[in-house]
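# Coordinates in review
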Amino acid sequence: MPESPSQFFVVGITHVDLAWKRGRAEMSEMMEIVVIRLLDALEQKPDFRYHIEQAAHFRELQRRRPDLVARLRPFIEAGRVEIVGGMASTLECNLPNGECFVRNQQIGLDWVRDTWGVGVKTGWLVDTFGVAAQVPQILRGFGIEQLMASRFGGTHTRDLFVAHGLDGSRVTVAGWSSQAGYMHPENVAWQFYKDWDGVDRCFALADQLTGPGPFLVLPYTENEMLVSLRPHQITRERNLERAGQTWCTATPAEFFDAVAKTGRVLPVVDSDLNPEFTGCFSLRHAIRLANRRMETRLLEAEKWAALAGLEGSAAALENDWWELAYVQFHDVFTGSHPTVVFEDVMRVLDEIERSADRMLVNAFEQFAPKDDTDLEDASSVSATVFNGLPWHRTDTVEIQVPSGWAGIARVTDRDGTSLSFAVKEGIVAADDVVRVRCDVPATGYATIQLEAGAAEEAVWNPVGTAAAIENAWIRVEFDTEFGVKRLVWKPTGAVLLENAGSWLVAQRDDGNFQIENPSGAEVGAASGTIRLEEASSPLGQTVRLSGEFPPLDWAGAQNHLRWTAEFFLPEGSPAAHLALHLDWKGEATRIRLTLPTAIDSATGIYEVPFGVACRKPYSPRVNAKGEWPAHRFVTLADARYGVALINTGVGGVEVSGGTIYTTLLRAPRAEYAGMVADMTSSQHGTHDYSFAILPYAGIWVEAGVLRVAQEVNNPLIAARQDGTVIGQSSASFLSLEPANVVLSGIKSAADGSGDVIVRVYETAGRATEAVLTVSDTWADRGRVWTCDLRENRGEGITSTAADALRFTLQPFQIQTLRFGRSPQVK
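Residues numbered from 1 in each chain as written. Predicted model: local features only at pLDDT ≥ 70, side-chain atom pairs only at ≥ 80, totals over all residues. Heavy atoms only, no water.

## Quick look at the overall build of the chain
From N to C terminus, the chain includes 14 helices and 50 strands. Taken over 826 residues, the chain has a buried fraction of 60%. Excluding contacts between residues fewer than 6 apart, the proportion of contacts in the chain whose partners are at least 24 apart in sequence is 75%. Entry remark: accessible area of the chain is about 30400 Å², with carbon and sulfur atoms responsible for 48%. (Helix = DSSP H or I, 4+ residues; strand = E, 2+ residues; numbered from the N terminus. Buried < 20%, exposed > 50% of the residue type's maximum accessible area, 1.4 Å probe, protein only. Contact = heavy atoms within 4.5 Å. Areas by Shrake-Rupley, 256 points an atom, 1.4 Å probe, with all protein chains shown as cover.)

## Focus on the packing of aromatic side chains
For the structure on display, the rule yields 30 aromatic pairs. Taking the centre distance of 5.1 Å and the plane angle of 40° together, the rings of Phe129 and Phe277 count as tilted. Of the two residues, Phe129 sits in the loop between β5 (122–125) and α5 (135–141) while Phe277 sits in the loop between β12 (268–270) and α9 (286–308), which places them 148 residues apart along the sequence. Look at Phe129 and you get buried, because its relative accessible area is 4%. Aromatic ring contacts, followed pair by pair, group Trp304, Phe364, Phe367, Phe386, Tyr445 and Phe733 into a single cluster. If you follow Arg24 out to its NZ or CZ, it ends over the ring of Tyr326, 3.9 Å from the centre. Here the guanidinium or amino end of Arg435 rests over the ring plane of Phe568, the centre of that ring lying 5.3 Å away. (Phe/Tyr/Trp six-rings, centres within 6.5 Å; stacked < 30°, edge-to-face > 60°. Lys NZ or Arg CZ within 6 Å of the ring centre and 35° of its normal.)

## Re the environment of Pro695
Turning to its location among the elements, Pro695 is positioned in strand β39 (residues 685–697). Since its relative accessible area comes to 2%, Pro695 is described here as buried. Note: C-alpha distance between Pro695 and Val126 (569 residues apart in sequence) is 39 Å. Setting aside residues up to four positions removed in sequence, Pro695 forms contacts with Ile474, Leu487, Trp489, Leu496, Pro574, Gly642 and Val643.

## Quick word on the packing of helix α6 (residues 196–206) against helix α7 (residues 230–241)
Closest axis-to-axis distance for the α6/α7 pair is 10 Å, and the angle between their directions is 40°. Comparing the axis directions of α6 and α7 gives the class oblique. Between α6 and α7 the crossing geometry is right-handed. Of the residues in α7, those touching α6 at Trp196, Val199, Asp200 and Phe203 are Arg230, Pro231, Gln233, Ile234, Thr235 and Arg238. Taken together, the residues of the contact of α6 with α7 sort by class into five nonpolar, two polar and three charged. (Axes fitted to C-alpha atoms, helices over the stretch in contact; angles between N-to-C directions. Parallel < 35°, antiparallel > 145°, perpendicular 65-115°, else oblique. Left-handed = near helix turned anticlockwise from the far one by under 90°. Nonpolar A, V, L, I, M, F, W, Y, C, P; charged D, E, K, R; others polar.)

## Quick look at the sheet that holds strand β15 (residues 393–400)
Strand order in the open sheet made by the three strands is β15-β18-β17, with antiparallel pairing throughout. Of all the strands in the sheet, just β15 and β17 (421–424) have a single pairing partner and so form its edges. In this sheet, neighbouring strand axes are inclined to one another by 30° on average, regardless of whether the strands run parallel or antiparallel. (Pairing = 2+ DSSP bridges.)

## So, helix α8 (residues 252–262)
Within α8, burial applies to Pro252, Ala253, Phe255, Phe256, Ala258 and Val259. Just past α8, the residue Gly263 takes up positive phi, approximately 70°.

## A word on unusual backbone geometry
The linkage connecting Gly213 with the following residue, Pro214, adopts the cis geometry, with an omega of 0°. Among the structural elements, Pro214 can be located in the loop between α6 and β10 (215–222). For Asn499, which is not glycine, the phi dihedral falls at a positive 50°. Within the fold, Asn499 resides in strand β24 (residues 494–500). Phi angles above zero are rare outside glycine, and Ala588 is one such case at about 50°. With a relative accessible area of 0%, Ala588 lands in the buried category.

## What about the environment of Gly165?
Structurally, Gly165 can be placed in the loop between β7 (160–164) and β8 (170–175). Measuring from C-alpha to C-alpha, the distance between Gly165 and Leu789 comes to 16 Å, with 624 residues separating the pair along the chain. In this structure, Gly165 is in contact with Ala133, Pro136 and Ser271, ignoring residues within four places of it in sequence.

Read these as geometric descriptors, not functional statements.
The following block contains the structure:
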């Protein structure tokens, strides 16, 4: 029999950023122009095919030009235009919370279904900065089994392969690793084009493909580059002229279908396809710090609204998820853009916070109503403290001191037991907060009482050349020579860090917005003068270090780097909390926090969305200079001890030679893609960071690392009432065990049924029996189902106890449950 002809699928795309070198409104106008040109091409050429992505573009276009969205529908229904990804935006998938990926995908798919009546077959993470390790499982949870991508971490050389997720989920990936030093020219010819010469180069690459086929030819363009009919012209010519070959314009789904029909066994690779453009991890870091707070706030608003049974809460918060999808769009989230975009992003984050807070206030009032007709004496107020995490917490909550109070005399729980507290002074009296250590049930609340009294003055005592903080677990020593002198694990006396004069360093960096170029020796904080102060309170001990770097000879005229670091050690916890304040002016510099430990290991355990990944040092390459993306923590361990660094949004971390490095900020000097450095990209001004440093003995998952990371990033929330709180003084709605199973989110079902969605995942790579205890105040324990990420019901689950569900999770498995609403909720 004659051989089948080689099949070439020419798949066109115009990727339009939600924002990048230009602002959001200008990019929306650009998208409109692209769609007009695309419709013209579709109407001119009956065999022309194309694909489109990012539902956020078309949602905005529907608002501005609904006629264009309507004209696209018949082409989408006929299969001539494929909507790929189906996401609201092609988000940065390594640093945001995993729930953000799920919401982004969910609202995008729902919009595509409701607007165009179709589903999505092909995932899309093109131009994003790496692919997260759990992407295969997330996509499969949405029924997507194939993925187009363009950045694989710089070392993968295959253009068609199977990505193997942490849990074993698999997706077929086609694409091109744009930063790799070499790619095997087997199956995919991928070329960015600005003109016909670029298109011709793409087809020339197709002639060099050596694989068995079918072949993907992808002339790719972006933004202001309009849809070109040149690929269509060449495709028709080749189909007529080349014997033994078939050429057609196509969609990605048609290419993947052809691959599946061959039955080929594709190479399998680890789905942790990172790192990419590590210089972005610390560029305009304010975006990522604010994002961490806002995504947590939004998830808490969803959670408490669902538990309170607030009708319509999912719909009310949906626009906030669309706005967060804009913030987390990869070229926005990374900070690699002009100041006008940066300022817009920070404005959007503020709006999300206000919206989430309104929902939280509404939800909290359902649990802790107050009787304004029976006011307490003006010298006493109540506060209800909410814990969003699924275990009982003894932790600190911040509550604003009532206006007019000189201070706090006493804080008690509802039984009258005194609680430890300390007043934290603000810039003005109205900013003063009281920090209270209290007990709060798992995913629940507790009420406390504050009494006015004499002002408590925070007293910082200067010390000589040395100071220390310690409790039953650790001792941290400081001096004026090194700053951080020693970290001791007290149960065994093991010294885990010593003479760390390089704990804060500055280094020359001649890189641009996206790519670092560090050179020369690091300058440590110990090169300047260090001052020491100490303070203690009923909450714990604090040492404050402060100093100033000498002028950096590469950083421009009148550069300065002043710093203050407060190390706080609470009673009963081995985690030392670091509040770091920088005052910076200069250029061409990166500033890093480092932990030079005594641990003999170069492998870091990095938290990633929905799991962890073990990573080793790598040789610097074009766009990656040592760091990996980390979610909330990285831990470095040997056979006996470990040290974890827990962050609140600073996500680039390098582990090498027993040292943990994380870049706090970069001030790029070089131009990139037409963008030049200014004050916001150089990050002039003051900056505040929060970390926790957790030493431990044994295995990280049993040492509380995960729980401390969650507590640092999900603080207790206080709702203050000026009247008497009515009802229960405390309640718990849900608890979850064991510690390696994480509560990912609680939300009202998107379909408006009143059902509640609860998602959990296993994070340590262990098969585990999970125990989920729920209250019948919100859940009907007789109506529980597993479901996919689209929230479609699967199998029912039967309670094994009056209030507990037991179910098995495989290593790194994400499990979504759907609960019927309790009849007690009206």
